[in-house]
Amino acid sequence: MGDVSHHWNLDFLRNDPLDTAPKRVLIILNQPFSCSLLQRLWNSTCWHCCADGGANRLLDTLRQQNHNTAYLPDLIKGDLDSLRPDVREYYDSKGVLVEKDDDQDSTDLMKCISAIIEKEKSEGTSQYEIILLGGLAGRLDQTIHTLSYLHKLRKVRDRVYAVTDDNVCWVLDSGEHIIEIDHTILGVTCGLLPVGIESTILSTSGLRWNLTNHTSSFDGLVSTSNHLVPGVDVWVKTSKPILWTIELR
């Protein structure tokens, strides 16, 4: 397999993340999610930001479980065109920072990423891993924006994941990758999607249908509905960046 340049561990999806886990931050987008997924990701992250209407989703989800005050975000940021007045009033009363940014050339997600970069600079710290809660469901144009932004962020961020109740995905940049597979949190189905590129040359192991120096493109082969092999980690070698997605339990 040669030298593996990237090693991926999804312990942030566990109910008991490792104490040695890297520093991670959470961005909550304006899409539905379960309270159980929220709890797992919240407990795996040290800083929490709502992208505009993501604050509506957060409060509505918590109210259903009577957990209103258990999960207060550190920041709500965006152009605030989706933030409901009652939600803003509630979080204002709890001392949560609500920051309006009228820049129409950036989305609410992009504004939250900028806030993380500012946080890192002010702290003089290394990069946080970023977890997006949402971004893969609902309106197709918003999903495409998420995928496009993940593709672009790979150039400046080491690790950015998008998570829903159904899937987790991230970009595997050019090179070799080992992905640790924990079947207590992951389902069976996975895919390698050539998003944002003309084509790539793929080789894999640990999948039911492996590839060996195979060209993948939207005009040709796309490895969808592939399956993980029980008890085996996944190895991927790709000549160009490719989107990797796994089903969650």
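Anyway, here's the lowdown on the structure attached to this text. (Residues numbered from 1 in each chain as written. Predicted model: local features only at pLDDT ≥ 70, side-chain atom pairs only at ≥ 80, totals over all residues. Heavy atoms only, no water.)

### Here's the deal with the overall build of the protein chain
And step 1. The secondary structure content of the protein chain amounts to 5 helices and 15 strands.
And step 2. Over its C-alpha atoms the protein chain spans a radius of gyration of 18 Å, differing by no more than 12% from the 18 Å that the globule rule assigns to 249 residues.
And step 3. Principal axes of the C-alpha set define a box for the protein chain whose edges measure 55 × 40 × 35 Å.
And step 4. Expressed as a percentage of contacts within the protein chain between residues at least 6 apart in sequence, the contacts between residues at least 24 apart total 70%.
And step 5. Carbon and sulfur atoms form 47% of the exposed surface of the protein chain, whose accessible area is close to 11,700 Å².
And step 6. Averaging the positions of the 24 positive and the 34 negative side-chain charges in the protein chain gives two centres separated by 0 Å. (Helix = DSSP H or I, 4+ residues; strand = E, 2+ residues; numbered from the N terminus. Rg over C-alpha atoms; globule rule 2.2 N^0.38 Å. Contact = heavy atoms within 4.5 Å. Areas by Shrake-Rupley, 256 points an atom, 1.4 Å probe, with all protein chains shown as cover. Lys, Arg positive; Asp, Glu negative; His and termini not counted. Charge placed at Lys NZ, Arg CZ, Asp CG, Glu CD.)

### Focus on the side chain of Thr245
And step 1. Within the secondary structure, Thr245 is located in strand 15 (residues 242-248).
And step 2. Overall, the relative accessible area of 16% leaves Thr245 in the buried class.
And step 3. Ignoring anything within four residues of it in the chain, the contact list for Thr245 reads Asn167, Val168, Cys169, Thr189, Cys190, Gly191 and Leu193. (Buried < 20%, exposed > 50% of the residue type's maximum accessible area, 1.4 Å probe, protein only.)

### Things to note about the packing of helix 2 (residues 54-64) against helix 3 (residues 85-93)
And step 1. Interhelical geometry of helix 2 versus helix 3 gives an angle of 80° and a closest axis separation of 10 Å. Here helix 3 runs roughly perpendicular to helix 2, going by the angle between their axes. Contacts between helix 2 and helix 3 pair Ala55, Asn56, Leu58, Leu59 and Arg63 from the former with Asp86, Val87, Tyr90 and Tyr91 from the latter. (Axes fitted to C-alpha atoms, helices over the stretch in contact; angles between N-to-C directions. Parallel < 35°, antiparallel > 145°, perpendicular 65-115°, else oblique.)

### Some points on the packing of aromatic side chains
And step 1. Per the counting criterion, the structure on display carries 6 aromatic pairs.
And step 2. When the centroid spacing of 5.4 Å and the interplanar angle of 40° are considered together, the rings of Trp8 and Trp170 count as tilted. Separated by 162 residues along the polypeptide, Trp8 in strand 1 (residues 6-8) and Trp170 in strand 8 (residues 167-172) bring together distant segments of the chain.
And step 3. According to the relative accessible area criterion, Trp8 is buried, its value standing at 3%.
And step 4. By relative accessible area, which is 0% here, Trp170 ends up buried.
And step 5. Linked through ring pairs, Trp8, Phe12, Tyr161 and Trp170 together constitute an aromatic cluster.
And step 6. Sitting over the face of the ring of Tyr90, Arg63 holds its NZ or CZ atom 5.8 Å from the ring centroid.
And step 7. Above the plane of the ring of Trp8 lies Arg159, whose end atom (NZ or CZ) is 4.2 Å from the centre. (Phe/Tyr/Trp six-rings, centres within 6.5 Å; stacked < 30°, edge-to-face > 60°. Lys NZ or Arg CZ within 6 Å of the ring centre and 35° of its normal.)

### As for the packing of helix 4 (residues 108-123) against helix 5 (residues 140-153)
And step 1. The geometry of helix 4 relative to helix 5 is characterised by a closest axis approach of 11 Å and an angle of 30° between their N-to-C directions. Here helix 5 runs roughly parallel to helix 4, going by the angle between their axes. Across the interface between the two elements, Leu109, Met110 and Ile113 of helix 4 pack against His145, Tyr149 and Leu153 of helix 5.
And step 2. Classifying every residue of the contact of helix 4 with helix 5 gives 5 nonpolar, 1 polar and no charged. (Nonpolar A, V, L, I, M, F, W, Y, C, P; charged D, E, K, R; others polar.)

### Describing the sheet that holds strand 11 (residues 200-205)
And step 1. Read from one edge of the open sheet, 5 strands run 1-9-14-11-12, paired in mixed fashion. Only two strands of the sheet have a single neighbouring strand rather than two, namely strand 1 and strand 12 (214-216). Ignoring strand direction, the axes of neighbouring strands in this sheet form an average angle of 30°. (Pairing = 2+ DSSP bridges.)

### A closer look at the nonpolar core
And step 1. Counting 48 residues, the largest nonpolar core has Leu13, Val168, Trp244 and Ile246 as the members making the most contacts within it.
And step 2. Setting aside residues no more than four positions away along its own chain, Leu13 makes contact with Leu37, Arg40, Leu41, Val163, Val168, Ile185, Leu186 and Leu248. (Core = buried A, V, L, I, M, F, W, Y, C linked by side-chain atoms within 4.5 Å.)

### Concerning the pattern of salt bridges
And step 1. Tallied over the entire structure, the rule returns 13 salt bridges.
And step 2. Close ionic contact of Lys100 with Asp102 constitutes a salt bridge, the shortest N to O distance being 3.8 Å.
And step 3. The class of Lys100 is exposed, set by a relative accessible area of 54%.
And step 4. Bridged by salt links that share partners, the residues Asp60, Arg63, Arg84 and Asp86 form one connected network. (Salt bridge = Lys/Arg side-chain N within 4 Å of Asp/Glu carboxyl O.)

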